[in-house]
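Structure assessment
So you can see what is in the structure, the chains are spelled out below.
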Amino acid sequence: MVKKKLQREITKRVKQKLFPLLEEYNLSTRDLDSVLKWKPIVLILGNYSSGKSTLVNELLGEEIQRTGQAPTDDSFTVLTAPHLSERPGMVPGAMLVNDDALPFTAFKGYGDQLISHFLMKQIDSDVLQNLAIVDTPGMLDSVTEKGRGYDFPGVVGQFAKLADLVVLMFDPHKAGTIKETYTTIRSTLPETAEEDRILFVMSRIDECDNLSDLIRSYGTLCWNLSQMTGRKDIPRIYLTFAPEVARGAEGLDIWKEERAQLKEKILSAPELKISHILHLVDKKLFELKMVIEAMDRFVEGGRGLLKKTLKTGLGVGLILFFSLDLFIFLVAGVPGNAFLPSLISGAIAPQHLIVPLVGLLSSLAGFSIWFMKWRWPRYLKACRDDADRLARLDSAMRESTWQRMKTGVQQLLSKAKFKDLSLSHHRNLETLEKFSQEDLRKYFTKIRKTRLAKASAKKIDSVEAEAEPELDP
C-alpha cells in the first residue's frame, strides 16, 4: 500500500513538472507514462522448452500455462489478477492495445499479426494482485520465410521497457545458441533494459545426467553469454529445476536454496517498481537537459549574431548620421546646411535631423534585412547540419545520450523561427534542475531508507532465528 501511494505521488509530480517540458521540446512521454500508469511487470523470455511456462505455473501455484518439450504457445500472454470490478477471464489483444488505462497502446503499431498473438489472462491469484507476469513465445533459431509476421525483437524491446524485471531462461540442451536469443541479448536488451533488471536462469538442471554434464552445460552458457554480451565478467546465472516435473536426479537438494532465492527475487518485483520509475525519470531528465542545453546554446548563438549585426549596423548608421547630408551636399549641393556644420556652429534646427535620421534608420533596417535574409538562414542551416556544435560532449554518457537526442534537436531546429530567439530556455533548465534537486532526490532518499530499514529488519530476524534455542523432543 505504501509503495502504491508513493507511485501515485511520483506519477502526479512527474506529470505536473516534467511532462509539460517533454512535450514543449517534442520528446515522447509514452514510455514513461506506460511505466507510471500500471502495476509491476515481470517479463519472462527464453528459448522454447526452456521452462518459462513451468516456472510461471510454479510461481502461481496452479497450472495456468501449457508446458511441453516442443513450442506450445506462440503468444505474448499477460497474466494478472482482475480488477475489483472485473471477473476472471481472457482479454484479447485488440482490447489491450486500445485501452489507455493499460500500458500496451504502443503495441498497436506492430500490426494485426502481433495483436492476434497477444492476450491477457485475468486470474484469481494473490500473487498477481500487485504483479503482472508476461509469458512470451519461445525464441527460435529460425522461422518461416515470412517470419513471425511482426517485429519480434521490437516487441520484446517494448516489453523490456515496461518490465521492472526481465527473466531470461535457458536450458542445458540449448545454452544460448538460438538466433533470436543472440539478437535479444546482443542488441535488444542493452537498448531497452538496464543490467540490474535482468536475471539469467538455467533451468531443467535435473536433466543433466551428472555433475560433469551440468558443469559442461553451465560452462557453455557462460561462454555463449560472453560472446553475446561482449563482456568477460558474466552476470550471476541462477540454476534451478521444477520439483514436480524433475526426473528424480540425485543431488538436487543442494540447489533448493538457489531455487528459493530465484523465486523470491521474481516475486519481489513490486519492490523494484519505484526504482525503475525513478531510474527512467532520471534518464528522461538527463535527455531533456541535453536537448534544452542545445537549444539554449542555439538561441544564445543567434542572439549573439543578431547583436553583432545590429552593433555593426548602428556603427555604420552613426557614421551616416553625421556624414550623410554632408556627403550629399558635396555631391549634389543639397541640403544647404548640413547637420554636422550646423551642430558645430550652434545653429541646429529640427530640419537638420531629417537626413541624419534617415541614414541611421536606413543602416539599421538594411543590416536587419541582411540578418534575416542571409545571416540567420545560414546560422540556422549550420546548426542543423552540425548539431554537435550545440552539445557539450565531455563524457561517454553525454556522447551516447546525444546520439539518441541529436535527431530530435535537428527536428526542433527545422521548425525554428526568428521569434524563437526570445525564448528563455535557461529558465527551463532552472526548472529542471530544481525538480532534480528537490523532488527526485527526495524520492531516491525515501527508497534508500526503506531498503536500509528492510535489510536491517531481515538481519535482526536472521540473528534471532539463529539464537533461538532448540527444544528437546
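Structural notes, computed from the coordinates. (Residues numbered from 1 in each chain as written. Predicted model: local features only at pLDDT ≥ 70, side-chain atom pairs only at ≥ 80, totals over all residues. Heavy atoms only, no water.)

Helix and strand counts for the protein chain stand at 15 helices and eight strands. For the protein chain, the proportion of its 473 residues judged to be buried stands at 45%. For the protein chain, the proportion of contacts with a sequence separation of at least 24, taken over those separated by at least 6, is 80%. Within the structure as shown, the protein chain displays about 25700 Å² of accessible surface, and the carbon and sulfur contribution to it stands at 56%. (Helix = DSSP H or I, 4+ residues; strand = E, 2+ residues; numbered from the N terminus. Buried < 20%, exposed > 50% of the residue type's maximum accessible area, 1.4 Å probe, protein only. Contact = heavy atoms within 4.5 Å. Areas by Shrake-Rupley, 256 points an atom, 1.4 Å probe, with all protein chains shown as cover.)

On the surface, a cluster of negative charge is made up of Glu-62, Glu-63, Asp-124 and Asp-126. For Glu-62, the location among the structural elements is in the loop between helix H4 (52–60) and strand E2 (76–80). Overall, the relative accessible area of 34% leaves Glu-62 in the partly exposed class. (Patch = residues over 30% accessible without salt bridge, like charges linked within 9 Å, V, L, I, M, F, W, Y side chains within 5 Å. Salt bridge = Lys/Arg side-chain N within 4 Å of Asp/Glu carboxyl O. Lys, Arg positive; Asp, Glu negative; His and termini not counted. Charge placed at Lys NZ, Arg CZ, Asp CG, Glu CD.)

Pairing is mixed in the open sheet, where eight strands are placed in the order E3-E4-E2-E5-E1-E6-E7-E8. Whereas interior strands pair on both sides, the edge strands pair on one side only; in this sheet they are strand E3 (89–92) and strand E8 (237–239). Each strand axis lies, on average, 25° off the axis of its neighbour in the sheet, ignoring direction. The sheet contact formed by E3 and strand E4 (residues 118–122) spans four bridges and is antiparallel. Across the sheet, Gly-89 pairs through a bridge with Gln-122, a residue of E4. Docked against the sheet, H4 engages strand E1 (41–46), E2, strand E5 (132–135) and strand E6 (165–170), running at close to 160° with respect to E5. (Pairing = 2+ DSSP bridges. Axes fitted to C-alpha atoms, helices over the stretch in contact; angles between N-to-C directions.)

This part is about the pairing of E2. Most of E2 is tucked away, with five of its five residues classed as buried. Here E2 shows a buried face lined by Phe-76, Val-78 and Thr-80 and a second buried face lined by Thr-77 and Leu-79. Pairing geometry for E2 and E4, over five bridges, is parallel. Residue pairing across strands places Thr-80 opposite Gln-122, the latter belonging to E4.

Two numbers describe how helix H3 (residues 30–37) lies on helix H7 (residues 152–162): the axes approach to 9 Å, and their chain directions differ by 55°. When the axes of H3 and H7 are compared, the pair comes out oblique. In contact with Asp-31, Ser-34 and Val-35 of H3, H7 contributes Gln-158, Lys-161 and Leu-162. The class makeup of the residues in the contact of H3 with H7 is two nonpolar, two polar and two charged. (Parallel < 35°, antiparallel > 145°, perpendicular 65-115°, else oblique. Nonpolar A, V, L, I, M, F, W, Y, C, P; charged D, E, K, R; others polar.)

Our next topic: the environment of Glu-433. For Glu-433, the location among the structural elements is in helix H15 (residues 425–467). Judged by relative accessible area, which is 35%, Glu-433 ranks as partly exposed. A sequence separation of 148 residues divides Glu-433 from Leu-285, and the C-alpha atoms of the two residues are 8.9 Å apart.

A complete count under the given rule lists 18 aromatic pairs for this structure. Through successive ring pairs, a cluster of aromatic residues spans Trp-38, Phe-76, Phe-104, Phe-107, Tyr-110, Phe-118, Tyr-150, Phe-152 and Phe-159. The ring of Trp-38 carries Lys-39 above its face, with NZ or CZ at 5.7 Å from the centroid. Directly above the ring of Phe-241 sits Arg-259, whose terminal nitrogen or CZ lies 5.6 Å from the centroid. (Phe/Tyr/Trp six-rings, centres within 6.5 Å; stacked < 30°, edge-to-face > 60°. Lys NZ or Arg CZ within 6 Å of the ring centre and 35° of its normal.)

Further remarks concern the side chain of Arg-398. Relative to the helices and strands, Arg-398 resides in helix H14 (residues 396–414). When near neighbours in sequence (up to four residues on either side) are disregarded, Arg-398 contacts Phe-286, Met-290, Glu-293, Arg-392 and Leu-393.

What follows concerns the nonpolar core. With 96 residues, the main nonpolar core has Phe-104 and Phe-298 as its most contacted residues. Considering each element in turn, this core owes the most residues, 15 residues, to helix H11 (residues 269–332). Leu-55, Ala-81, Leu-199 and Val-201 belong to the second-largest nonpolar core, a separate cluster that totals 22 residues. (Core = buried A, V, L, I, M, F, W, Y, C linked by side-chain atoms within 4.5 Å.)

Looking now at the packing of helix H8 (residues 179–192) against helix H9 (residues 211–229). Orientation of H8 relative to H9, taken along the N-to-C sense of each, is 55°, at an axis distance of 8 Å. Our classification of the angle between H8 and H9 gives oblique. Taken together, the residues of H9 that come into contact with H8 (itself represented by Thr-181, Tyr-182, Ile-185 and Arg-186) are Leu-225, Gln-227, Met-228 and Thr-229. Residues belonging to the contact of H8 with H9 are distributed by class as follows: four nonpolar, three polar and one charged.

Together, Leu-314, Leu-318 and Phe-322 make up a nonpolar patch on the protein surface, roughly 250 Å² of accessible area in all. Note that Leu-314 resides in helix H11.

Let us now look at helix H13 (residues 354–385). End to end, H13 covers 45 Å across 32 residues, agreeing with the expected 46 Å (1.5 Å per residue, within 8%). In H13, a bend of some 45° at Phe-371 exceeds every other bend along the element. (Expected span 1.5 Å × (residues − 1). Bend = angle between axes of the 7 residues up to and from the residue.)

The next subject is the pairing of E5. Side chains of E5 alternate between two faces, with Ala-132 and Val-134 and Ile-133 and Asp-135 buried alike. Both E1 and E5 contribute to a ladder of four bridges, which runs parallel. When the sheet's bridge partners are listed, Ile-44 is paired in E5 with Asp-135. Looking at chain direction, E2 and E5 are connected through three bridges and run antiparallel. Its bridge partner being in E5, Leu-79 is matched across the sheet by Ile-133.

Now for the environment of Arg-441. Residue position: Arg-441 is located in helix H15. In this structure the C-alpha to C-alpha distance between Arg-441 and Leu-278, which are 163 residues apart in sequence, comes to 9.6 Å.

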